[in-house]
Amino acid sequence: MSSDQASFAEALLDPERRVPDGVTSHAHPAPAKRFAIYRNNVVVSLIEALATRFPALQRIVGEEFFRAMAGVFVRAHPPRSPLMMTYGEDLPAFVETFAPAAELPYLADVARLEAARTRAFHAADATPLPAEAFSDLEPTDLETLRIRFSPSTAIVRSSHPIVTIWAMNAGEAEPAPIEDWRGEDALISREGFDVVVRRLPPGGAVFLSRLLADATLADAASAAMQDSATFDLAENIAGLISAQLATELVRMQPPAS
Amino acid sequence: MIQPTLPPRTGVGFKPEHFDGLIADPGPIGFVEVHAENYMGDGGLPHAQLARLHERFALSVHGVGLSIGADAPPDRAHLQRLRRLCDRYRPESFSEHLAWSSHGDVYLNDLLPLPYTADTLSRVADHIAEVQDTLGRRMLLENPATYLLFAESTIAETDFLAGIVRRTGCGLLLDVNNVYVSATNHGRSADDYLAAFPLEHVGEIHLAGHDVSVDDAGAPLLIDAHGSPVADPVWALFERVIARTGPLPTLIEWDNDVPAWPVLRGEAIAADAVLTRFAAMHAA
């Protein structure tokens, strides 16, 4: 039985293989068309799962191209888990090396943004801190303060305007020519149950990434200023409050003296 | 071992787009069913909706990814995810399929057929025993829709299912559309199949739509597509089952080309009418 399921599984993902031995029907001894139903179910359902997770990607390249690309991906990278919400984590890396898509160099980063949206949608619930929690901060607090983030928080950096491109292909902005082609860093997070995508200000991605890695506000701000001379600490703190990212402020104890 | 049961009413396979309609205008709905794997994320809208639905309706958790019919034992990590889901929501029913969907570590996302032999019966029984032990509850096993047969099969599907029930104490989920689809696809009689089916162990019924095609030899080939209304011959079979058993929890599945809520509700009302009619006859 073991070898039978192995050859059945291999033939499902490889259209060149013939119908596995031992498979039959009452009407025809070698029922290719019947086996093709399973083959079709497997590949089409996985392509559908990717189309559900990467709708902007499909919109950008068109349904025909997307389904062809997804078909190649599905056969090369079938899922390793029955949780379809996790399928396609490695699609962005695949897109990056998929030669027919080479003329759209931003495609992989848009896919990274969409993959992060699904993770945010299913992330654990968290209660954001109210804005008042930040109202009595003193400049000296920056040295000792760390921020715990909502588990939905994610950052995707790109040298392409991925937030603008995504928004135009997700029904969030009117499609228009992009006059000023420059890199954009995306912040993906959840407000209640809604996944929200924002464009981060200069230095914002470094600032948040450091904070997510448990740096103090002062260290994160210093790294952000090195990344961008126009980094604005007040604007970025206001941004993380309004995006409901923070769930807790953690104060490091001052060293005993 | 927990043996909770669904109410002998109609239910629907839950789709998030039906949430508002279902809460505002449930019609005769007594329970909802969800695919277990869609609720294995950490949080967010899916869990919030499921918790609210379960305040209002009985809940059936229906697994599609456990691969009980595989030659290897069930994925232990996946079994633990199922256990956590069942512990969290305490559903009135947990069910899975007589099929396989994983091989090695590859998940194929379809319900694949297996030969029916003494060996496979023993293996499937072992897998079900492990599932029931892990979950601490009795499960229902669903008869599959199949498009192929295996030369090595020696046991009729109904005898295979009865053997599994005897060995494990599990219950059965009778999918009447699957009965009709498989019987047609294999040139057999659906009524003969149902005459041989151990109906006394059925804890839930599934009804769904199918697509119509033809095979290599020009023989009719039905596809279990779940994308259309329940077909007339399936309604007729369902009535003949309920005439024998009395009302059973009956679910309408509609997973593709999902219609507006009133259309699905209409299917549930039609099923409810059959249950109500035969409840009166059985009571009389």
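Residues numbered from 1 in each chain as written. Chains lettered and ligands numbered in written order. Predicted model: local features only at pLDDT ≥ 70, side-chain atom pairs only at ≥ 80, totals over all residues.

**Considering the packing of helix 6 (residues 176–185) of chain B against helix 8 (residues 232–245) of chain B**
A pair of packed helices is characterised by two quantities: the angle between their axes and the separation of those axes. Residues and elements named next belong to chain B. How we decide: Throughout, an axis means a line fitted to C-alpha atoms (over the contacting stretch in the case of helices), and angles, computed between N-to-C directions, take values from 0 to 180 degrees. Numbering of helices and strands runs from the N terminus, with a helix taken as a DSSP run of H or I at least four residues long and a strand as a DSSP run of E at least two residues long. Should an angle fall under 35 degrees it is called roughly parallel, over 145 degrees roughly antiparallel, and 65 to 115 degrees roughly perpendicular, with every other angle called oblique. Left-handed describes a crossing whose near helix is turned anticlockwise from the far helix through less than a right angle; right-handed describes the clockwise counterpart. Distance between backbone-placed C-beta atoms decides contact: two residues are in contact if it is within 7 Å. Note on residue classes: Ala, Val, Leu, Ile, Met, Phe, Trp, Tyr, Cys and Pro are nonpolar, Asp, Glu, Lys and Arg are charged, and everything else, Gly too, is polar.
Direction vectors running N to C along helix 6 and helix 8 enclose 120°, while the axes themselves pass 9 Å from each other. One finds that helix 6 runs oblique with respect to helix 8. For the pair helix 6 and helix 8, the sense of crossing is right-handed. Across the interface between the two elements, Val176, Asn177, Val179 and Tyr180 of helix 6 pack against Pro233, Val234, Leu237, Phe238 and Val241 of helix 8. Its residues placed into classes, the contact of helix 6 with helix 8 shows eight nonpolar, one polar and no charged.

**Topic: the sheet that holds strand 2 (residues 29–35) of chain B**
For sheets, the rule is that strands pair by backbone hydrogen bonds, running either parallel or antiparallel. Residues and elements named next belong to chain B. Rules: A pair of strands counts as paired when DSSP detects no fewer than two bridges linking them.
If you walk around this closed barrel you meet the eight strands as 1-2-3-4-7-9-10-13, and the pairing is parallel. In this sheet, adjacent strand axes meet at a mean angle of 30° when their direction is disregarded. Running over the sheet, helix 6 touches strand 9 (171–175) and strand 10 (202–208) and is turned about 65° from strand 10.

**Brief notes about the interface of chain B and chain A**
Residue-level contacts link 39 residues of chain B with 41 residues of chain A. Among the elements that make up the side of chain B that touches chain A, the one with the highest residue count is strand 6 (residues 106–112) of chain B (six residues). For the side of chain B that touches chain A, a count of residues per class yields 18 nonpolar, twelve polar and nine charged.

**Some words on helix 2 (residues 32–53) of chain A**
In an α-helix, one turn spans 3.6 residues; hence positions three or four apart end up facing the same way. To be explicit about the condition: For a helix, the expected span equals 1.5 Å multiplied by the residue count minus one. To sort residues by burial, count the other C-beta atoms lying within 10 Å of each one's C-beta; a count of 20 or more means buried, 12 or fewer means exposed, and anything in between means partly exposed. C-beta atoms are built from the backbone.
Under the 1.5 Å per step criterion, the end-to-end length of helix 2 of chain A is 31 Å for 22 residues, consistent within 8% with the ideal 32 Å. Within helix 2 of chain A, the full set of buried residues consists of A:Arg34, A:Phe35, A:Ile37, A:Tyr38, A:Asn41, A:Val42, A:Val43, A:Leu46, A:Leu50 and A:Arg53.

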